[in-house]
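Survey of secondary and tertiary structure
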Amino acid sequence: MAVAPAPVRHAHEFTPQPWRDRRLERILGNLLRAGVLISAAVVLCGGSIYLFRHAHEPADYHVFRGEPSNYRTIPGVIQSVRDGRGRGLIQLGLLFLIATPIFRVALSIVGFAIERDRLYVLFTAIVLFILLYSLLGSGLTS
Amino acid sequence: MSILVFTGVVAIVSFVAGLLGSLTGLGGGVVLVPLLTILFHVDIRYAIGASLVSVIATSSGAAASYVKEGFSNIRIAMFLEIATTLGALCGAFLATWIPTNVLAMVFGFMLLYSAFLSRKTRTEAQRNLPPDPLATRLRLNGSFPDLAGKRHYNVQRVPAGFSLMYGAGALSGMLGVGSGAVKVLAMDQAMEIPFKVSTTTSNFMIGVTAAASAGVYLGRGYVDPGLSMPVMLGVLAGSLLGSRILVKAETKVLRQVFSVVILVLGIQMLYKGLWGKI
């Protein structure tokens, strides 16, 4: 029996099972792609309407006026979409865009729960809680 | 400038911002805010709103492929997000107590030093450190598709990384920028995570932090639809291209791009701090 060779120090020998959550990665990847494509499609729609109507007006962002409430709150945005306003549609797309990472966090909780990984369910739940806490205080929903 | 021309030019600038943002893990805001305010004379509040939109678009656009191809480490991201979101929450409160111009200057100097530090690639010995017990227990160690094949890595100095992430969150809460830079540096320099994993994991994380802030700023009327439309679409296209380039790019080149971008960010911060424009 030959003497075992001296151990070569490679990282993978120290971690017999590196964690690869392939399935969760694929699901989260698809969610992010779908979210971003849906919001891009809505923004593009709204943008076309907006440009069709206002293309030749001067662009002026030099002075800050703040957006009117129909571009600032969720009910306001929905109302302006109903009124057929292009900019309302853009804001709706941006709301989808903002919601995408938050959905990503929420879906991760489910993913880690399926893997029976309690520690990471807890971690992810803490993150979601902090996120929702800061969003609910923002006046977005009123 | 007519709205049509303005939209077109902003879309092109945003494309470049998204490309650089997705390659460096910094998001598009680093490039976008100074260009919008200096070149197009956009009010800083509109620029911040658009910048947050750009960060989410870069993050989500590029993350889809980074996550699927196994670059971003979702466990590292989720674990560290606790620190960044908490930090951002506290930073927003601290902003009224701390002189932000002094903070911007300190951050600026730190970035100049980091720009120099982050150019260096690690040696083979530094890449094969034994695993840290805490990192193993948290299941942070992983692997990614390197150019030469699959490469495993062991995460080091978890507490230091976690604390830096808290700082990254607090900075973004106070200054509105810079969280991506600290995220990449904390993972690359403190936790010794491979550079591509650091930047793509940062890219994955910044969307979450930005989403919370973007909601708040939209509620305050900072997010203008006419400005955000070309920004979002341009940045998204740029980030999709960037995510294709990163996969095949040499780490050395990516480090150089990163170094130049944070050098520019550092100078920006010093300028803002000195002239009190923050």
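The rules we used
- Residues numbered from 1 in each chain as written.
- Chains lettered and ligands numbered in written order.
- Predicted model: local features only at pLDDT ≥ 70, side-chain atom pairs only at ≥ 80, totals over all residues.
- Heavy atoms only, no water.
- Helix = DSSP H or I, 4+ residues; strand = E, 2+ residues; numbered from the N terminus.
- Buried < 20%, exposed > 50% of the residue type's maximum accessible area, 1.4 Å probe, protein only.
- Contact = heavy atoms within 4.5 Å.
- Areas by Shrake-Rupley, 256 points an atom, 1.4 Å probe, with all protein chains shown as cover.
- Phe/Tyr/Trp six-rings, centres within 6.5 Å; stacked < 30°, edge-to-face > 60°.
- Lys NZ or Arg CZ within 6 Å of the ring centre and 35° of its normal.
- Buried area = accessible area lost by both parts, 1.4 Å probe.
- Salt bridge = Lys/Arg side-chain N within 4 Å of Asp/Glu carboxyl O.
- Polar contact = N/O pair within 3.5 Å; in protein donor to acceptor, adjacent residues only side chain to side chain.
- Nonpolar A, V, L, I, M, F, W, Y, C, P; charged D, E, K, R; others polar.
- Pairing = 2+ DSSP bridges.
- pLDDT = per-residue confidence, 0-100.

Section: the overall build of chain A
Counting secondary structure elements, chain A contains five helices and zero strands. Its helices and strands in sequence order give chain A the pattern α-α-α-α-α, from N to C terminus. Counting over 142 residues, chain A shows a buried share of 42%. Taking contacts inside chain A between residues at least 6 apart in sequence as the whole, the part at least 24 apart equals 64%. Carbon and sulfur atoms form 66% of the exposed surface of chain A, whose accessible area is close to 8,200 Å².

Considering the packing of aromatic side chains
For the coordinates displayed, the defined rule picks out 15 aromatic pairs over all chains. Both rings, one in A:Phe112 and one in A:Tyr120, keep their centres 5.3 Å apart while their planes meet at 40°; by these two values the pair is tilted. No difference in accessibility class separates A:Phe112 from A:Tyr120, as the two residues are buried. Measuring from centroid to centroid gives 6.4 Å for B:Tyr271 and B:Trp275, while their planes differ by 55°, and the two rings are tilted. Of the two residues, B:Tyr271 and B:Trp275 are both situated in helix H12 (residues 251-275); the distance of four residues between them amounts to about one turn of the helix. Of the aromatic side chains, those joined through ring pairs into one cluster are A:Tyr61, A:Phe64, B:Phe6, B:Phe40, B:Tyr46, B:Tyr217 and B:Tyr222. Stacked on the ring of B:Phe204, the Lys or Arg A:Arg104 has its end atom at 3.8 Å from the ring centre. Across the ring face of A:Tyr120, the terminal group of B:Arg75 is positioned such that the distance to the ring centre comes to 4.7 Å.

So, the interface of chain A and chain B
Facing the 71 residues of chain A at the interface are 71 residues of chain B. Summing both partners gives a buried area of about 6,500 Å² for chain A against chain B, and 71% of it is carried by carbon and sulfur. On inspection of chain A and its partner chain B, the count reaches four salt bridges. The salt bridge partner of A:Asp117 is B:Arg139, with a shortest N-O separation of 2.8 Å. Applying the counting criterion to the chain A and chain B interface returns 19 residue pairs in polar contact (both at pLDDT 80 or more). Breaking the side of chain A that touches chain B down by element, the ones donating at least two residues are helix H1 (11-14), helix H2 (22-54), helix H4 (86-114) and helix H5 (118-136) of chain A. A total of 18 residues in the side of chain A that touches chain B trace back to one element, the largest contributor, which is H2(A). Residue composition of the side of chain A that touches chain B, grouped by class: 39 nonpolar, 17 polar and 15 charged.

Comments concerning the pairing of strand E2 (residues 149-153) of chain B
The two faces of a sheet get side chains in turn, since along a regular strand they alternate between them. All names here are of chain B. As paired elements, strand E1 (residues 142-146) and E2 share five bridges and run antiparallel to each other. Looking at the pairing, Asp-146 lines up with Gly-149 of E2. The turn joining E1 and E2, which pair antiparallel and follow one another in sequence, is formed by two residues.

Quick word on the pattern of salt bridges
Summed over the entire model, instances satisfying the criterion amount to ten salt bridges over all chains. By sharing partners, the salt bridges in this structure join A:Glu115, A:Asp117, B:Arg75 and B:Arg139 into a single network.

Quick notes on the side chain of B:Asn141
Residue and element names in this part refer to chain B. Mapped onto the secondary structure, Asn-141 falls in the loop between helix H7 (133-137) and E1. Classification of Asn-141 by relative accessible area gives buried; the value is 3%. Of note is the side chain of Asn-141, whose polar atom sits 2.7 Å from the backbone nitrogen of Val-155.

What to know about the confidence of the model for chain A
For chain A, per-residue confidence averages 84 on the pLDDT scale, and 82% of positions sit at 70 or higher. Within the model, pLDDT remains below 50 along residues 7-19 of chain A, and this stretch shows 24 contacts once partners closer than five positions in the same chain are excluded.

Notes on the confidence of the model for chain B
Residues and elements named next belong to chain B. Chain-level statistics for chain B give a pLDDT mean of 88 and a share of 98% at 70 or above. Within chain B, helix H6 (residues 124-127) has the poorest average pLDDT of any element, 77, and helix H11 (residues 225-248) the best, 95. Interface confidence for the predicted complex, expressed as ipTM, amounts to 0.89; the pTM equals 0.88.

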